[in-house]
Amino acid sequence: DGTPSLTRSEKMELLRKGERGATAWKRLGRLDKSAEMWERIAKTYESWGLFSRQIPCLRSLASIYDTQGRYNESLQARLRAAALARQAQDNALAAEIGQEMVTSSLEGGNLEAALETFMELVPVFEDAGDVRGAASMLEARGELLARDGQYLAAISDLQSARETYM
């Protein structure tokens, strides 16, 4: 067709510019356009096997979904990002993404999803060697359970957190 093919380096540069464009759309308040771009860029990175580049795209996409109140879609994007981080054995990043999932679930009024995510994060923090992080997840979950009136479960989590700290 007469169109010159691009080198991999040129394609990467175009993707980086696309990321800046998606960020610009978000700043301009065009969240749908930004989300569309992040999704396309993430899929391209996935197709190239560049999962470390895909993770920040998925996190940006999830952030937009949070802003739009689309918490289920946000959770799905972050689950994909966390799975990629665990696959790369970056447990610290997976735990960070997990914390974002908890915050998003709470903002969306989904206490059960937040509580479940807290429990999923405990072994992630432990695997990352972050005992304090694991304990803080148990402590935070215990406090949420107590606020929800689930006192026995709250006591159990708080005792586990205390034992972990010691």
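Structure: above.
The notes below deal with the structure included here. Each residue is numbered by its place in its chain's sequence as written, counting from 1. With pLDDT at 70 or above as the cut-off, local features in this predicted model cover only qualifying residues; side-chain atom pairs require 80 or more to be listed or tallied, and sums for whole chains, interfaces and linings still use all residues. Hydrogen atoms and water are omitted, and side-chain values are computed over all heavy atoms in the structure.

### Thoughts on a negative patch on the surface
Put simply, a patch holds well-exposed residues, over 30% relative accessible area, that have no salt bridge, with like charges counted together within 9 Å and Val, Leu, Ile, Met, Phe, Trp or Tyr side chains within 5 Å. Reported accessibility uses the Shrake-Rupley method at a 1.4 Å probe radius. Residues are deemed covered only where the shown protein chains occlude them. Take a side-chain nitrogen of Lys or Arg and a carboxyl oxygen of Asp or Glu: if they are within 4 Å of each other, that pair is a salt bridge. For this count, His and the chain ends are skipped, Lys and Arg are scored as positive, and Asp and Glu as negative. Note that the charge is assigned to NZ on lysines, CZ on arginines, CG on aspartates and CD on glutamates. Where like charges cluster on the molecular surface, the negative patch consists of Glu112, Glu116, Glu120 and Asp148. Helix and strand definitions follow DSSP, with helices as H or I runs of at least four residues and strands as E runs of at least two, each counted in order from the N terminus. Of note, Glu120 is situated in helix α6 (residues 111–127).

### Regarding the nonpolar core
Ranked by internal contacts, the top residues of the largest apolar core, which has 43 residues, are Ile55 and Ile97. Contacts are assigned to residue pairs with any non-hydrogen atoms lying within 4.5 Å of each other. What Ile55 contacts, discounting residues up to four positions off in sequence, is Ala81, Leu84, Ala85, Leu93 and Ile97. For the purposes of this section, nonpolar cores are sets of buried Ala, Val, Leu, Ile, Met, Phe, Trp, Tyr and Cys residues that join through side-chain atoms within 4.5 Å. Partly exposed describes any residue whose relative accessible area lies between the buried limit of under 20% and the exposed limit of over 50%, with all areas from a 1.4 Å probe on protein chains only and scaled to the type maximum.

### Some points on the pattern of salt bridges
Under the counting rule described, the total for this entry stands at 12 salt bridges. When the shortest N-O distance is used, the salt bridge between Arg59 and Glu96 registers 2.7 Å. Taken as a pair, Arg59 in helix α3 (residues 51–68) and Glu96 in helix α5 (residues 91–107) lie far apart in primary sequence, 37 residues in all. Residue classification places Arg59 among the buried residues on the basis of a relative accessible area of 17%. Judged by its relative accessible area of 39%, Glu96 falls in the partly exposed class. Shared partners join several salt bridges into a network, and the residues in it are Arg59, Asp66, Arg78, Glu96 and Glu100.

### Focus on the side chain of Gln54
Residue position: Gln54 is located in helix α3. Overall, the relative accessible area of 2% leaves Gln54 in the buried class. Ignoring sequence-local partners within four residues, the contact set of Gln54 consists of Ala42, Tyr45, Glu46, Arg80 and Leu84.

### Concerning helix α4 (residues 71–87)
Between its terminal C-alpha atoms α4 stretches 24 Å, which fits the 24 Å expected from 17 residues at 1.5 Å a residue. Taken residue by residue, α4 has Ser74, Leu75, Ala77, Arg78, Ala81, Ala82, Leu84 and Ala85 as its buried positions. Of the surrounding elements, those touching the buried residues of α4 are α3 and α5. Downstream of α4 by one or two residues, Gln89 has phi in the positive range, about 60°. A helix is expected to span 1.5 Å for every residue after the first.

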